[in-house]
Amino acid sequence: MPTAIAVTSADMALPPQDERTLPTAVLQDVDQRPLEQALAELQGLVDHHGHVIVVCSQALPASVERRLHTVRALLETDRIALFRPPLPPLGLAVLARQLRQLASCDIGPGVLASAGRLLTHYIHAGALLGSVARLDHVPVGLKSHARSWMPGSQFGVVAHPVPQLVRIGPEATLEGPEFGTRLLVAKGQLPSDWVTDTLAPSWRVQGLREMPLPADSPGWWGTGKLTEFCAYLPDLSVLYQLVTSVRQSRCHWCGIDVIGDRCVFCSATPPEYDDGRDRALGHHRGPAIGHRRERRALTG
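Below or above, wherever it landed, is the structure these notes cover. (Residues numbered from 1 in each chain as written. Predicted model: local features only at pLDDT ≥ 70, side-chain atom pairs only at ≥ 80, totals over all residues. Heavy atoms only, no water.)

1. With respect to the sheet that holds strand β3 (residues 52–55)
Either a parallel or an antiparallel arrangement is found when strands of a sheet pair, and the pairing is made through backbone hydrogen bonds.
Then, in step 1: Read across the open sheet, the four strands follow the order β2-β1-β3-β4; overall the sheet is parallel. Taken across any chain shown, the strands that pair with only one partner, and hence form the sheet edges, are β2 (25–26) and β4 (80–83).
Then, in step 2: In the sheet, strand β1 (residues 4–7) pairs with β2 via two bridges, with the strands oriented parallel. Note that in β2 the partner of Ala-6 across the bridge is Ala-25.
Then, in step 3: Against the sheet, helix α2 (residues 62–75) makes contact with β3 and β4, and its axis sits at roughly 160 degrees relative to β4, the strand it touches most. (Pairing = 2+ DSSP bridges. Helix = DSSP H or I, 4+ residues; strand = E, 2+ residues; numbered from the N terminus. Contact = heavy atoms within 4.5 Å. Axes fitted to C-alpha atoms, helices over the stretch in contact; angles between N-to-C directions.)

And the structure:
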């Protein structure tokens, strides 16, 4: 069976991108239900799928994170990966769907989990905000902070991959992706006209879809007056080529094939060796070490 991709709330389970996109396992209210239920749910996913990748936000309540780590520890398994990329809620949902697309292909669980770090570099996630007074995830200058208190002020913000912040006006622009993407828009308590009429054409998106605003978005962006957006690669063939073109190596601890410098399942990193000692002992540096620098971008 394909590797299971799980999320921690139903609004993180986006509709399928294509007919091959696999369903999402939703670990709803995992911190509020009895521990036995959470254990049984994760154990069932592992038994059925072999491996489970839980995509969760870095802004998760501490109780949810503790529960997930507790369940993983009690099950004594290295087949559950907790992946927490630095993305806002809509970008996180998009990434989870991309992993669901790739899970239908002939990609091993270790490579699939590692691919999450790679794919985050191709996600442009931001929002149109009515205030940046409580924005913690993007640097806010004193001038922008002061202007956020002026009635009618709006700000265009990109949180990932490179933070950007501009006050909306006739000349306001945000640097976007240099490759073809689609745009997903989630409207909150703020009109989305600037996103759909100005941002989308300037980013030359190849399509635009709207969806409900994720429940965690107002808390992440610091205001309910927002429209969240995310530009992403939609085509499975492009995603597959990106992932499979990266050199793979075997995790020295759990033996699973991965890409990048850290195994998402067991968190092991390649051991450091002394070159002189290695040569004296006749040891050979494996591909995970010898190509460490060229894959540094894959580390999260």
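2. Some remarks on the packing of helix α1 (residues 35–49) against α2
Geometrically, a packed helix pair is captured by the angle between its two axes and the distance between the axes.
Then, in step 1: Here α1 crosses α2 at 65 degrees, and the two axes come no closer than 10 Å. Read as a crossing pair, α1 and α2 show a hand that is right-handed. Across the interface between the two elements, Leu-35, Ala-38, Leu-39, Leu-42 and Gln-43 from α1 touch Arg-67, Thr-70, Val-71, Leu-74 and Leu-75 from α2.
Then, in step 2: Taken together, the residues of the contact of α1 with α2 break down into seven nonpolar, two polar and one charged. (Left-handed = near helix turned anticlockwise from the far one by under 90°. Nonpolar A, V, L, I, M, F, W, Y, C, P; charged D, E, K, R; others polar.)

3. Quick notes on the environment of Gly-108
Then, in step 1: Mapping Gly-108 onto the fold places it in the loop between α3 (89–102) and α4 (109–120).
Then, in step 2: C-alpha separation for the pair Gly-108 and His-51, spaced 57 residues apart in sequence, amounts to 9.6 Å.

4. A short note on helix α6 (residues 193–202)
Then, in step 1: The complete set of buried residues in α6 reads Trp-194, Val-195, Leu-199 and Ala-200. The arc that holds the buried residues of α6, viewed along the axis, is 145 degrees, so those residues lie on one side.
Then, in step 2: Packed against the buried residues of α6 are β5 (124–129), β6 (155–160), β8 (182–187), β9 (208–212) and β10 (226–232).
Then, in step 3: Once α6 ends, the next one or two residues include Arg-204, with phi positive near 55 degrees. (Buried < 20%, exposed > 50% of the residue type's maximum accessible area, 1.4 Å probe, protein only. Arc of directions from axis to C-beta.)

5. What about the side chain of Gln-17?
Then, in step 1: With respect to the secondary-structure elements, Gln-17 resides in the loop between β1 and β2.
Then, in step 2: For Gln-17, a relative accessible area of 12% corresponds to the buried category.

6. A short note on the side chain of Thr-223
Then, in step 1: As for its position among the elements, Thr-223 is in the loop between α7 (217–221) and β10.
Then, in step 2: From its side chain, Thr-223 meets the backbone nitrogen of Lys-225 in a polar contact 3.0 Å long.
Then, in step 3: Those residues within four positions of Thr-223 in sequence are excluded, and the remaining contacts are Leu-129, Ser-131 and Pro-218. (Polar contact = N/O pair within 3.5 Å; in protein donor to acceptor, adjacent residues only side chain to side chain.)

7. Comments concerning unusual backbone geometry
Then, in step 1: Look at the link from His-160 to Pro-161: it is a cis peptide, with omega at 10 degrees.
Then, in step 2: Note that Pro-161 resides in the loop between β6 and β7 (164–167).
Then, in step 3: A positive phi angle, close to 50 degrees, is found at Asp-29, a residue other than glycine.
Then, in step 4: Position of Asp-29 relative to the elements: it lies in the loop between β2 and α1.
Then, in step 5: Using a relative accessible area of 34% as the deciding quantity, one classes Asp-29 as partly exposed.
Then, in step 6: Unlike most non-glycine residues, Glu-76 shows phi in positive territory, near 50 degrees.
Then, in step 7: One can find Glu-76 in the loop between α2 and β4.

8. Overview of the packing of aromatic side chains
Then, in step 1: Enumeration over the complete set of coordinates arrives at three aromatic pairs.
Then, in step 2: Ring centres of Trp-203 and Phe-229 lie 5.8 Å apart, and the angle between their planes is 80 degrees; on these two criteria the pair is classed as edge-to-face. One end of the pair, Trp-203, is in the loop between α6 and β9; the other, Phe-229, is in strand β10, with 26 residues separating them in the sequence. The two residues Trp-203 and Phe-229 agree in class, both being buried. (Phe/Tyr/Trp six-rings, centres within 6.5 Å; stacked < 30°, edge-to-face > 60°.)

9. Overview of empty space enclosed by the protein
Then, in step 1: Counted under the stated rule, the structure contains one cavity of 30 Å³ or more.
Then, in step 2: Here the largest cavity defines a volume of roughly 30 Å³.
Then, in step 3: Surrounding the largest cavity, Cys-56, Leu-60, Glu-65, Leu-68, His-69, Leu-82 and Arg-84 form its lining.
Then, in step 4: Residue classes in the lining of the largest cavity are distributed as four nonpolar, one polar and two charged. (1 Å grid on protein atoms, 1.4 Å probe; cavity = no way out; pocket = protein on both sides within 12 Å on 5 of 7 lines; lining within 4 Å. Points joined across faces, edges and corners; volume = space filled by probe spheres on them.)

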